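Residue strings, one per chain:
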Amino acid sequence: MRAQRRRFCRKQDGSTQRSRFAFAPLAVAWLATMFAATAAEPLDRKMLQVEGLPRVFLIDGQTLAVTRGRVAAAAAELAAPVAKLRGEAHAALRAGPFSVMDKAVIPPSGDKHDYMSLGTYWWPDPNKPDGLPYVRRDGEVNPEGAAYDRKPLGEMTAAVETLALAYYLTGHEPYAAHAGRLLRAWFLDEATRMNAHLEYGQAIPGRMTGRGIGIIDTAQLTRLVDAVGMLGGSPAWPAADQQQLQTWFGQYLTWLRRSKHGRDEDGAANNHGTWYDVQVAAFALFVGQEEIARGVLRQVPERRINRQIEPDGRQPLELARTRSFDYSSMNLYGMFELAALGGQVGVDLWNFESADGRSIRRALEWLIPFATGEMPWAHQQIRDVAPERFAALLCRAAIVYQQPRYRRTAQQIAGDPAARIHLLWPESAAQR
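Attention here is on the structure that accompanies the text. (Residues numbered from 1 in each chain as written. Predicted model: local features only at pLDDT ≥ 70, side-chain atom pairs only at ≥ 80, totals over all residues. Heavy atoms only, no water.)

Attention now goes to the packing of helix α4 (residues 61–72) against helix α6 (residues 150–170). Interhelical geometry of α4 versus α6 gives an angle of 60° and a closest axis separation of 8 Å. Taken together, the axes of α4 and α6 are oblique relative to one another. Across the interface between the two elements, Leu-64, Ala-65, Thr-67, Arg-68 and Val-71 of α4 pack against Leu-165, Tyr-168 and Leu-169 of α6. Its residues placed into classes, the contact of α4 with α6 shows six nonpolar, one polar and one charged. (Axes fitted to C-alpha atoms, helices over the stretch in contact; angles between N-to-C directions. Helix = DSSP H or I, 4+ residues; strand = E, 2+ residues; numbered from the N terminus. Parallel < 35°, antiparallel > 145°, perpendicular 65-115°, else oblique. Contact = heavy atoms within 4.5 Å. Nonpolar A, V, L, I, M, F, W, Y, C, P; charged D, E, K, R; others polar.)

Written out as structure tokens, the structure is:
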């Protein structure tokens, strides 16, 4: 138990293996870098345009604009995170371009423009000469997946997010220029673009060519559309490109809502259902279909919170996994994202509580003593966890609930003064 407790408290460094969620491993660390500080009132889009705030949905644009002003004023407390972000952005200038055309496999359709990924936890059967059909080893990532599209999708998304944030905060045009190149290569250029569907997501050799579960691969794109909002105003991202990208996401949204895979994922009872809702709502807002987003978000209390979170805050379906802390945290990330999106359309999910006490905040409170090591984790967790990811949730909650205790706890478990959370969720925002 003591060794297990140390795993939850240990800070990560280059020698420690980082945990990865089932989708987009390279983008997971950024998953926790999005929030909205307002809960119940929708943002005034005209106000955003007048004040020059970014068109974002998971991040609070006003807080981000204040941070940009503080960066311009060379605020001493932001020196370390800005320096780290600049270093990451300069590295991202060398990334890509990435394309679905680069994968080593050909989808069943024969069209490499079709996205394809391998079932994350599926491996060749050692008892079969050809390994078929593949067998499931929950929580163990099959490295064969690198030959498919999920890894480059994650790399592209992470690079665009870093470049866009660095551009918005510093105004350095080369960052926006390269982000634009990466976006055009993946989504827009005829020779390299991805078709707007996921029919072949998380295929299982010998069993199926794709499944609804694969839709979680694109959960990271909810943060990418926010990154696009940070490029607004740059000559490197003209209105024509913006319109084409919105058209692509409009087509993908239609596929998500009408395809069999999409309907399957919509009906998922665990984190897959949560992240399906996040995608539909975020993409609907991005393409200007607010009513679709509002319709999804109004059903979250009954369909997701009440069915997934127990009155004491446990998430039983995630606790059943071999990486139960990872999955409990990852599903809570999704709930946070839904609450942030709810704030865009007047649906208050941050403060929703069922008659018997089920709520997003209760799920957060339940996990805190395990993340700090105050209590030992009694469920299966086959890999070390990265405490900074849970710390990011706490920083976000400190602002939403105006609760400084969450910020102090975040610093206790992962107190990196150069972390990106200090740019996105500054301590000053938790005190207003």
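This part takes up the nonpolar core. Phe-187 and Phe-249 are the most contacted members of the largest nonpolar core, which has 123 residues in total. Ignoring sequence-local partners within four residues, the contact set of Phe-187 consists of Met-156, Arg-193, Leu-221, Leu-224, Leu-245, Trp-248 and Phe-249. (Core = buried A, V, L, I, M, F, W, Y, C linked by side-chain atoms within 4.5 Å. Buried < 20%, exposed > 50% of the residue type's maximum accessible area, 1.4 Å probe, protein only.)

This part is about helix α16 (residues 360–372). Over its 13 residues, α16 runs 19 Å from end to end, which matches the ideal 18 Å to within 8%, given 1.5 Å per residue. Buried residues dominate α16, accounting for 10 of its 13 residues. Among all positions in α16, only Ile-360, Ala-363, Leu-364, Trp-366, Leu-367, Ile-368, Pro-369, Phe-370, Ala-371 and Thr-372 are buried. Phi turns positive one or two residues past the end of α16, at Gly-373, with a value near 90°. (Expected span 1.5 Å × (residues − 1).)

Attention shifts here to the pattern of salt bridges. Under the defined criterion, the tally for this structure stands at 26 salt bridges. The salt bridge partner of Arg-314 is Asp-312, with a shortest N-O separation of 2.8 Å. Looking at Arg-314, the relative accessible area reads 28%, which means it is partly exposed. Several salt bridges converge on common partners, so that one network encompasses Glu-310, Asp-312, Arg-314, Asp-356 and Arg-358. (Salt bridge = Lys/Arg side-chain N within 4 Å of Asp/Glu carboxyl O.)

Bringing helix α9 (residues 239–258) into the picture now. The first and last C-alpha atoms of α9 sit 29 Å apart over 20 residues, in line with the 28 Å expected at 1.5 Å per residue. Residues of α9 that are buried include every one of Asp-241, Gln-242, Leu-245, Gln-246, Trp-248, Phe-249, Gly-250, Tyr-252, Leu-253, Trp-255 and Leu-256, and no others. Against the buried residues of α9 lie α7 (173–188), α8 (221–230), α10 (260–266), α11 (271–286) and α12 (290–298).

All right, on to unusual backbone geometry then. The step from Gly-96 to Pro-97 runs through a cis peptide bond, and the omega angle for that step is 0°. Tracing the chain through its elements places Pro-97 in the loop between α5 (79–92) and β1 (116–118). Backbone torsion omega between Leu-132 and Pro-133 reads -10°, so that peptide bond is classified as cis. Counting through the fold element by element, Pro-133 comes out in the loop between β2 (122–123) and β3 (135–136). The residue Ala-74 is not glycine, and still its phi comes out positive at about 60°.

For Thr-222, the location among the structural elements is in helix α8. Polar side-chain contacts of Thr-222 include one of 2.7 Å to the backbone oxygen of Ala-219. Here Thr-222 is in contact with Leu-58, Val-278, Gln-279, Ala-282 and Phe-283, once residues within four sequence places are set aside. (Polar contact = N/O pair within 3.5 Å; in protein donor to acceptor, adjacent residues only side chain to side chain.)

On to the packing of helix α17 (residues 387–400) against helix α18 (residues 404–413). Contact pair α17 / α18: the axes reach a minimum separation of 8 Å and the direction vectors enclose 165°. Considering their axes alone, α17 and α18 lie roughly antiparallel with respect to each other. When you trace α17 past α18, the crossing you get is left-handed. Along its contact with α17, which presents Pro-387, Phe-390, Ala-391, Leu-394, Cys-395, Ala-397, Ala-398 and Ile-399, the element α18 presents Tyr-406, Arg-407, Thr-409, Ala-410 and Ile-413. When grouped by side-chain class, the residues that make up the contact of α17 with α18 number 11 nonpolar, one polar and one charged. (Left-handed = near helix turned anticlockwise from the far one by under 90°.)

Let us now look at the environment of Thr-372. Mapped onto the elements, Thr-372 comes out in helix α16. A sequence separation of 18 residues divides Thr-372 from Phe-390, and the C-alpha atoms of the two residues are 10.0 Å apart. Polar contacts involving the side chain of Thr-372 include one to the main-chain carbonyl oxygen of Pro-369, which spans 3.2 Å.

Bringing the side chain of Ser-329 into the picture now. Structurally, Ser-329 is set in helix α15 (residues 324–342). By relative accessible area, Ser-329 is classed as buried at 4%. Each residue touching Ser-329, except ones within four places of it in the same chain, is listed here: Leu-367, Phe-390 and Leu-393.

What follows covers the packing of aromatic side chains. Describing an aromatic ring pair means giving the distance of the ring centres and the angle of the ring planes. Scanning the model with the defined rule gives 15 aromatic pairs in all. Taking 5.9 Å as the distance between ring centres and 10° as the angle between the ring planes, the aromatic pair formed by Tyr-252 and Trp-255 counts as stacked. A residue pair is termed a helical-turn pair when its members lie 3 or 4 positions apart in one helix, as Tyr-252 and Trp-255 do in helix α9 at three residues. Note on accessibility: Tyr-252 and Trp-255 belong to one class, buried. Ring centres of Trp-366 and Phe-370 lie 4.9 Å apart, and the angle between their planes is 55°; this geometry places the pair in the tilted category. Placement of both Trp-366 and Phe-370 in helix α16 is noted, with a separation of four residues, approximately one turn of the helix. You can call Trp-366 buried: its relative accessible area is 16%. On the basis of relative accessibility, which here comes to 9%, the residue Phe-370 falls in the buried class. Members of the aromatic cluster, each reached through a chain of ring pairs, are Phe-187, Trp-248, Phe-249, Tyr-252, Trp-255, Phe-283 and Phe-286. Positioned above the aromatic ring of Trp-123 is the side chain of Arg-137, whose terminal nitrogen or guanidinium carbon lies 3.8 Å from the ring centre. One Lys or Arg, Arg-361, reaches over the ring of Tyr-401 and ends 4.4 Å from the middle of that ring. (Phe/Tyr/Trp six-rings, centres within 6.5 Å; stacked < 30°, edge-to-face > 60°. Lys NZ or Arg CZ within 6 Å of the ring centre and 35° of its normal.)

No statement about biological role is implied by the geometric values presented.
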